[in-house]
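Residue-level listing of the chains:
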Amino acid sequence: MKLTWATLAGLAVALILAGCQPQAAAVADETPSTGAAEDEVAAPELSAEQAEARAFQAAWDAAAPVTASDPRLNDVEDGRWPEPIPGQFEFRESELIQLSTDLFALVSSGHAQGGGQTTRGALAFHYLSRTTDGFRRVGATPLFIAGGGAGQAPTFTVRRDLTPATAVVIHTRTQNGRGTCTVSQLVELTPSQPVLRATGIATGFEATNGQGNWEGALETGRSGRDFDVQYSGASDAEATWVFTDAGTYRAPAQPRLSGC
């Protein structure tokens, strides 16, 4: 076979590339994982927007917005805590939280229809499992939690360091004659169902005159046994919330907090 200069050049390039491949693979293997794959809320074929839209459809059997009330209101045999909340709520948006490989929680924000400044909104918690093209609802009854004000749903943050399972900390701001107080609730997303673990956690105060502000930050304690609330600002103290036999967290001693 007659080899031309073009053929020889091509073979040389191929050999160089072949020699580089093992080195490139080694570099790729040494790249540290960011853990991002663990936080994905959808299979690769779904964008985040598609995943949330399909999860909402699976949870509510309809696309957003959906108007609904707490289904436990009409169930006289349901004695679970917390008690069902009254009112009609319009659910417009939601957040999808991955709990395990195939289990997800959908937290939907509900806005109350009508009412005044003290009217509360709600959050609804559904559990979903992953399917080949979307999601399937796990259990028929969502957990409704009231919060917020002026008909708006409360804000919330997702925490993975406070309880054995992922937790959602719900923040409700209310006004009084001295300023605005923030009080929080904690819902643990256990493998079987969402559970309200703590209520009445004072986490902030903003004084009307700008003086006497303080903030309470939830900090990691002993998993499944307690967590701390560290206060800073005008109130410098700490409260420990302890897990009780009732399956909830309580603070045996609450610090004196000005304003709330």
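Above this text is the structure in question.
Before going into details, it helps to say that this report is about the structure given with it.

So, how was this worked out
The residue numbers shown here count from 1 along each chain, following its written sequence. Totals for whole chains, interfaces and linings use all residues, but because this is a predicted model, local features are given only for residues with pLDDT of at least 70 and pairs of side-chain atoms are given and counted only at 80 or more. Only hydrogens and water are set aside; all other atoms, that is, all heavy atoms of the structure, feed into the side-chain values. A pair of strands counts as paired when DSSP detects no fewer than two bridges linking them. Runs of H or I in DSSP of at least four residues are treated as helices and runs of E of at least two as strands, each being numbered from the N terminus. Axes, fitted as lines to C-alpha atoms, cover a helix only where it is in contact. Angles between the N-to-C directions of the axes lie from 0 to 180 degrees. Throughout, a disulfide means two cysteine sulfur atoms within 2.5 Å of one another. We call a residue buried when its accessible area falls under 20% of the maximum for its residue type, exposed when it is over 50%, and partly exposed in between, using a 1.4 Å probe and counting protein chains only.

## Here we look at the pairing of strand E12 (residues 238-243)
Then step 1. Of the strand pairs in this sheet, strand E11 (residues 226-233) and E12 are connected by 5 bridges, and their pairing is antiparallel. Bridge pairing in E12 places Phe227 opposite Trp241.
Then step 2. Counting the residues in the hairpin turn of E11 and E12 gives 4 residues.
Then step 3. Pairing analysis gives 2 bridges linking E12 to strand E13 (residues 249-250), with the strands arranged antiparallel. By the bridge assignment for E13, Val242 is matched with Arg250.
Then step 4. The loop that links E12 with its antiparallel partner E13 comprises 5 residues; one of these, Gly247, has a positive phi angle of about 85°.

## Thoughts on the sheet that holds strand E1 (residues 66-68)
Then step 1. In spatial order, the strands read E1-E2-E3-E4-E5; together these 5 strands make up an open sheet with antiparallel pairing. Of all the strands in the sheet, just E1 and strand E5 (135-147) have a single pairing partner and so form its edges. For this sheet, the mean angle separating the axes of adjacent strands, direction not counted, is 35°.
Then step 2. Relative to strand E4 (residues 121-130), strand E3 (residues 103-112) runs antiparallel, the two sharing 8 bridges. When the sheet's bridge partners are listed, Val107 is paired in E4 with Phe125.

## Considerations on the state of the cysteines
Then step 1. Counted by the stated rule, this structure contains 1 disulfide.
Then step 2. Each sulfur in the disulfide pair Cys181 and Cys260 lies 2.0 Å from the other. Residues Cys181 and Cys260 share a disulfide whose torsion about the S-S bond is about -120°; that sign makes it left-handed. Separated by 79 residues along the polypeptide, Cys181 in strand E8 (residues 179-189) and Cys260 in the segment after E13 bring together distant segments of the chain.
Then step 3. By relative accessible area, Cys181 is classed as buried at 6%.
Then step 4. According to the relative accessible area criterion, Cys260 is partly exposed, its value standing at 43%.

This is a description of form; function is not addressed.
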